[in-house]
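Descriptive analysis of the structure
Spelled out from the first residue to the last, the chains are:
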Amino acid sequence: MTVSGMRDLASVDIVGAGPTGALLAILLQRRGLKVTLYETRKDPRGNSGESGRSINLALADRGMHALKVAGVSDDLAGALVTMRGRLIHEKNGAQSLQLYGRRPDEVIHSISRHRLNQVLLEAAASLPGVETRFEHRLEDADFENAAAQIRDLRRDRLSSVPMQPLLATDGAGSVMRRRMTALGLIETQEADLEHGYKELSIPEGPNGAYRMASDALHIWPRGNFMLIALPNADGSFTATLFLPTRGAVSFEALTSPPAIERFLRTEFPDVYDLMPNCVAEFQAHPTGFLGTVYANRWSAGGMTALIGDAAHAIVPFHGQGMNCCFEDCLEFSAAVARNTTWPDVFAEFFASRKPNTDAIAAMALENYLEMRERVADPRFRLQQSLALELERRHPQRFIPRYSMVMFHHEISYRTAQLRGDIQARLLAELSANAATLQDIDYEWASRQITRELPPVGVRSSVTKE
Ligand SMILES: Cc1cc2nc3c(=O)[nH]c(=O)nc-3n(C[C@H](O)[C@H](O)[C@H](O)COP(=O)(O)OP(=O)(O)OC[C@H]3O[C@@H](n4cnc5c(N)ncnc54)[C@H](O)[C@@H]3O)c2cc1C
């Protein structure tokens, strides 16, 4: 297939038409490739959606940027609900809003997973040269013969599809990744978190009114567990309970309706009455598992590459999983533009992306502790206010880590992590003996920041990846 010096990137098959596969199809079509997209599920266009996994997602700058590049962001405008901060609900009913950023545009958006998938697939399918095959499931891959086995579920017919290449965007439980691992082509680790999640709903009020503030992501931090809720465009909220899977307070321990009711009513008193079906939902909805996927390689020859969650699923506590996948799609598409063979595309994609996906995987795990525990801690709140104040004073040098991750797609995850480590140390030192922002030694802060944090965009030992 590859003739030296000739460009052979003419067509591609993609398996998995979730957010990653659908966006990738659009971007690769724009590069002039023919794309065939296989998806195990039914065509989501024209149906109202299915319940189960998180039904809304937080979309931040990285994801929005990729959607803009793909030309689909305008189609989503009416489906976004803007969230400008975290609204913390304490057990005694007290509430406080922690703004995400300093500027009005430093916000994130809640979007229905189903609507997003519909819009992406509508856009992809409307492009010449993109073919969609729903109800087609990847079942196996034969690397000696460079052929994948894909079953047409409507006819129950198994076909052999040449991997020339076949890109795998089949999600966290990727069949392709597990097959490559079983054959020893790559080494992987699926690190399960000891906490799972369950979705509950907060229906809309009379006339579709929101029953809590609609411009915030609500958090009920309770130490070893937490409830969060994101607004939906129809006035409802989707709440997600994150809880240990085993132990005294856990999904395993909560089995009877009275125990479930007691737990939810005691721990989340101010929202309990807004969730009229919560006990039934708790019993009916599956408990979702959470974990991080690490792989030492994402491709095998020029035959296949893992992209999105299939390559590097992460825990959802930074709201970045899909945002990261969308950034993958942009980088993969850029690698296609810069190279002439698939092995070169795959090699460049892995080399540029892996340090960044490792960084966001680590930051997402750290953020769980922040959300379920630290947001309620006065010292953490002081450090958060201080970080915003230091950003005001040194906007080119000190940008809170959360902001770098959520609002600055031009700053890589790895750079955000490295600069964030330095900033965390400075914040701890500066706030050690302070009760308020007035107690901070800003002159010392200024000297340290100038010494340790070069302006963003200036490469140095801090930003080297
Ligand atoms: C509780 C929770 C909350 C989250 N919240 C956020 C958030 O707020 N913000 C955010 O950015 N991210 C969030 N995420 C992460 C986000 O959901 C994922 O990163 C994103 O869905 C990954 O997209 P993907 O297309 O790579 O994989 P998936 O969304 O898993 O899509 C994979 C697709 O492949 C198909 N498929 C699977 N196997 C096969 C097969 N064998 N053959 C053919 N097709 C197949 C599936 O049907 C599916 O359509 C959250 C995740 C969870 C679990």
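Residues numbered from 1 in each chain as written. Predicted model: local features only at pLDDT ≥ 70, side-chain atom pairs only at ≥ 80, totals over all residues. Heavy atoms only, no water.

1. Some thoughts on the layout of surface pockets
To keep it simple, the criterion reads: Within this scheme a cavity is a closed region of a 1 Å grid, computed over the protein atoms alone, that accommodates a 1.4 Å probe without allowing it to escape, whereas a pocket is open but has protein on both sides within 12 Å along at least five of seven lines; lining residues each have an atom within 4 Å of a point. Grid points are joined across faces, edges and corners, and a volume is the space filled by probe spheres set on the points. Runs of H or I in DSSP of at least four residues are treated as helices and runs of E of at least two as strands, each being numbered from the N terminus. We call Asp, Glu, Lys and Arg charged. Ala, Val, Leu, Ile, Met, Phe, Trp, Tyr, Cys and Pro are nonpolar, and the rest, Gly among them, are polar.
For the second largest pocket, the calculated volume is near 590 Å³. Along the walls of the second largest pocket sit 25 residues, with Glu370, Phe380, Arg401, Tyr402 and Leu427 positioned nearest its centre. Within the residue set of the lining of the second largest pocket, elements represented by two or more residues are strand E6 (95–99), helix H11 (342–372), helix H12 (378–393), helix H13 (401–407) and helix H14 (413–431). Among the elements that line the lining of the second largest pocket, the one with the most residues is H14, at six residues. Of the residues contributing to the lining of the second largest pocket, the split by class is twelve nonpolar, seven polar and six charged.

2. Focus: the nonpolar core
To keep it simple, the criterion reads: Buried Ala, Val, Leu, Ile, Met, Phe, Trp, Tyr and Cys residues form a nonpolar core when they are joined through side-chain atoms within 4.5 Å. Note on classification: 1.4 Å probe, protein chains only; a residue is buried when its accessible area is under 20% of the maximum for its type, exposed when over 50%, partly exposed between these limits. In this description, contact between two residues means that some pair of their heavy atoms is separated by no more than 4.5 Å.
One finds Leu167, Met176 and Phe332 to be the most contacted residues of the largest nonpolar core, which totals 68 residues. Filtering out sequence-adjacent residues up to four positions away, Leu167 remains in contact with Val12, Asp13, Ile14, Val15, Leu24, Leu28, Thr304, Ala305, Ile307, Phe332 and Phe346. Within the second largest apolar cluster, 36 residues are counted, among which are Val315, Met404, Val405 and Tyr413.

3. Digging into the pattern of salt bridges
The cut-off we apply is this: We define a salt bridge as a side-chain nitrogen of Lys or Arg found within 4 Å of a carboxyl oxygen belonging to Asp or Glu.
If you walk through the whole model with that rule in mind, you get 31 salt bridges. We note a salt bridge from Glu327 to Arg62, for which the minimum N-O separation is 3.0 Å. With Glu327 in helix H10 (residues 321–338) and Arg62 in helix H2 (residues 61–69), this residue pair connects regions lying 265 residues apart in the sequence. Like Arg62, Glu327 is buried. Shared partners join several salt bridges into a network, and the residues in it are Arg62, Glu327, Asp328, Glu331 and Arg353.

4. So, the pairing of E6
Each regular strand carries side chains that alternate between the two faces of the sheet. Heads up, the condition is: A pair of strands counts as paired when DSSP detects no fewer than two bridges linking them.
Sheet analysis places strand E5 (residues 85–89) next to E6, joined by five bridges and oriented antiparallel. Note on E6: the bridge partner recorded for Gly85 is Leu99. With antiparallel pairing between neighbouring strands as the criterion, E5 and E6 make up a hairpin whose turn holds five residues, including Gly93 at a positive phi of roughly 95°.

5. Focus on the sheet that holds strand E14 (residues 216–221)
In plain terms, the rule: Geometry is summarised by axes, namely lines fitted to C-alpha atoms with helices restricted to the contacting stretch, and by angles between N-to-C directions that run from 0 to 180 degrees.
The sheet built from seven strands is open, its strands ordered E6-E5-E14-E15-E16-E13-E17 with mixed pairing. Both edges of this open sheet fall to E6 and strand E17 (288–295), since each of them pairs with a single strand only. Ignoring which end each strand starts from, the neighbouring axes of this sheet average 25° apart. Relative to strand E16 (residues 237–244), strand E15 (residues 226–231) runs antiparallel, the two being bridged by six bridges. Looking at the pairing, Leu230 lines up with Thr238 of E16. Where H12 meets the sheet, it contacts E5 and E6, and its direction lies at approximately 35° from that of E6.

6. Some words on the environment of Asp441
Worth spelling out the cut-off: What qualifies as a polar contact is a pair of N or O atoms within 3.5 Å, subject to a donor-acceptor requirement within protein and to the restriction that residues adjacent in sequence count only when both atoms come from side chains.
Take Asp441: it is sitting in the loop between H14 and helix H15 (442–452). Its relative accessible area of 44% is what places Asp441 among the partly exposed residues. Distance in space between the C-alpha atoms of Asp441 and Leu430 is 6.9 Å, their sequence separation being eleven residues. In this structure the side chain of Asp441 is engaged in a polar contact, spanning 3.3 Å, whose partner is the backbone nitrogen of Glu443.

7. Side note on the site of the ligand
Using the following cut-off: Here, proximity means that at least one heavy atom of the residue falls within 4 Å of the molecule or strand. Residue exposure ignores everything except the shown protein chains as possible cover, and the areas themselves are Shrake-Rupley values with a 1.4 Å probe.
The local shell around the ligand holds 30 residues, among which Thr20, Glu39, Ala58, Arg113 and Met322 are the closest. One nitrogen or oxygen atom from the main chain of Gly319 is found 3.2 Å from a nitrogen atom belonging to the ligand. Contact with the protein chains removes 90% of the 1000 Å² of surface that the ligand exposes when unbound. Only helix H1 (19–30), strand E3 (56–59), strand E9 (136–142) and H10 provide two or more residues apiece to the shell around the ligand. At four residues, the largest contribution of residues to the shell around the ligand is made by H10. Looking at the shell around the ligand residue by residue, the class counts come to ten nonpolar, 13 polar and seven charged.

8. Quick look at the confidence of the model for the chain
Applicable threshold: pLDDT gives the predictor's per-residue confidence on a scale running from 0 to 100.
For the chain, the average pLDDT comes to 94, and 95% of its residues sit at 70 or higher. Segment residues 1–6 is flagged for pLDDT under 50; beyond a separation of four residues in sequence, or across chains, it makes six contacts in the model.

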